[in-house]
Amino acid sequence: GNSVTQMEGPVTLSEEAFLTINCTYTATGYPSLFWYVQYPGEGLQLLLKATKADDKGSNKGFEATYRKETTSFHLEKGSVQVSDSAVYFCALKGSVRVNEKLTFGTGTRLTIIP
Amino acid sequence: EAGVTQSPTHLIKTRGQQVTLRCSPISGHTSVYWYQQALGLGLQFLLWYDEGEERNRGNFPPRFSGRQFPNYSSELNVNALELEDSALYLCASSLGQVGQETQYFGPGTRLLVL
């Protein structure tokens with residue numbers, strides 16, 4: 001079945017540091033890949049997505065590139081801010097059926113220190 | 001455009017009781033998904049409804065059930081509540097079209113079972 005392996009946290013960085021959160025996946029076919037963010041006490045917000053190999057998703061300074069050869073979708077940001085403190089989830093949607101369920105990684109808690 | 005809405009926001013129940021959670025999808029979305037986010041267990045897929053039909057079900061006991069109404073809103077019912085049902089229940093919706101399957105999440109209902 002499909003699975004997502006996500007870098008374990010928690011991750012603590014200073015403001016303006018470079019961020020990488022690793023995500024690798026196992027799936028048949030050509031899945032779609034997502035990063036969601038969850039701020040304290042809230043639901044999930046879609047951060048970015050990529051639907052085919054070599055696509056780069058980007059939003060709010062965050063980027064992730066769909067690498068089929070390494071089955072990876074690592075999240076990066078060049079200069080983090082305190083407001084980026086949240087839990088980040090990598091997710092995969094299989095390609096076997098339309099509207100298949102999402103399979104999530106375990107989440108990475110990110111804390112940015114001023 | 002309004003996002004996915006869920007009610008109630010918080011709920012406290014006792015073991016053995018029954019609970020109903022409600023979700024209204026984004027206007028025009030026909031698919032509704034339910035996920036459970038229990039402490040330490042990550043995000044687990046519960047149910048998927050599309051066009052009024054249950055399309056897929058996660059690895060949960062039959063006391064978790066739901067339905068989708070003609071206006072595409074949905075209910076999640078949990079019978080005979082157990083302590084481990086305490087969790088954040090997230091609803092998501094998406095368009096039922098190929099290439100438009102991104103799931104958008106609501107703020108969740110936080111259930112505490114005592």
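Anyway, here's the lowdown on the structure attached to this text.

What counts and how
- Residues numbered from 1 in each chain as written.
- Chains lettered and ligands numbered in written order.
- Predicted model: local features only at pLDDT ≥ 70, side-chain atom pairs only at ≥ 80, totals over all residues.
- Heavy atoms only, no water.
- Patch = residues over 30% accessible without salt bridge, like charges linked within 9 Å, V, L, I, M, F, W, Y side chains within 5 Å.
- Areas by Shrake-Rupley, 256 points an atom, 1.4 Å probe, with all protein chains shown as cover.
- Salt bridge = Lys/Arg side-chain N within 4 Å of Asp/Glu carboxyl O.
- Helix = DSSP H or I, 4+ residues; strand = E, 2+ residues; numbered from the N terminus.
- Buried < 20%, exposed > 50% of the residue type's maximum accessible area, 1.4 Å probe, protein only.
- Phe/Tyr/Trp six-rings, centres within 6.5 Å; stacked < 30°, edge-to-face > 60°.
- Contact = heavy atoms within 4.5 Å.

Residues and elements named next belong to chain B. Judged by side-chain polarity, Ile12, Leu112 and Leu114 come together as a nonpolar surface patch covering roughly 300 Å² of accessible area. Mapped onto the elements, Ile12 comes out in strand E2 (residues 10–13). Judged by relative accessible area, which is 58%, Ile12 ranks as exposed.

Right, let's talk about the packing of aromatic side chains for a bit. Going through the model one piece at a time under the given rule, you end up with twelve aromatic pairs over all chains. Aromatic pair Tyr35(B) and Phe45(B): ring centres 5.8 Å apart, planes at 65°, arrangement edge-to-face. With a gap of ten residues between them, Tyr35(B) in strand E4 (residues 31–38) and Phe45(B) in strand E5 (residues 42–50) connect regions that are remote in the sequence. Of the aromatic side chains, those joined through ring pairs into one cluster are Phe34(A), Tyr36(A), Phe89(A), Phe104(A), Tyr35(B), Phe45(B) and Phe105(B).

For the rest of this paragraph, the subject is the environment of Leu46(A). Take Leu46(A): it is sitting in strand E6 (residues 44–50). Its relative accessible area of 25% is what places Leu46(A) among the partly exposed residues. Apart from residues lying up to four places away in sequence, Leu46(A) is in contact with Phe34(A), Trp35(A), Tyr36(A), Asn59(A), Thr102(B) and Tyr104(B).

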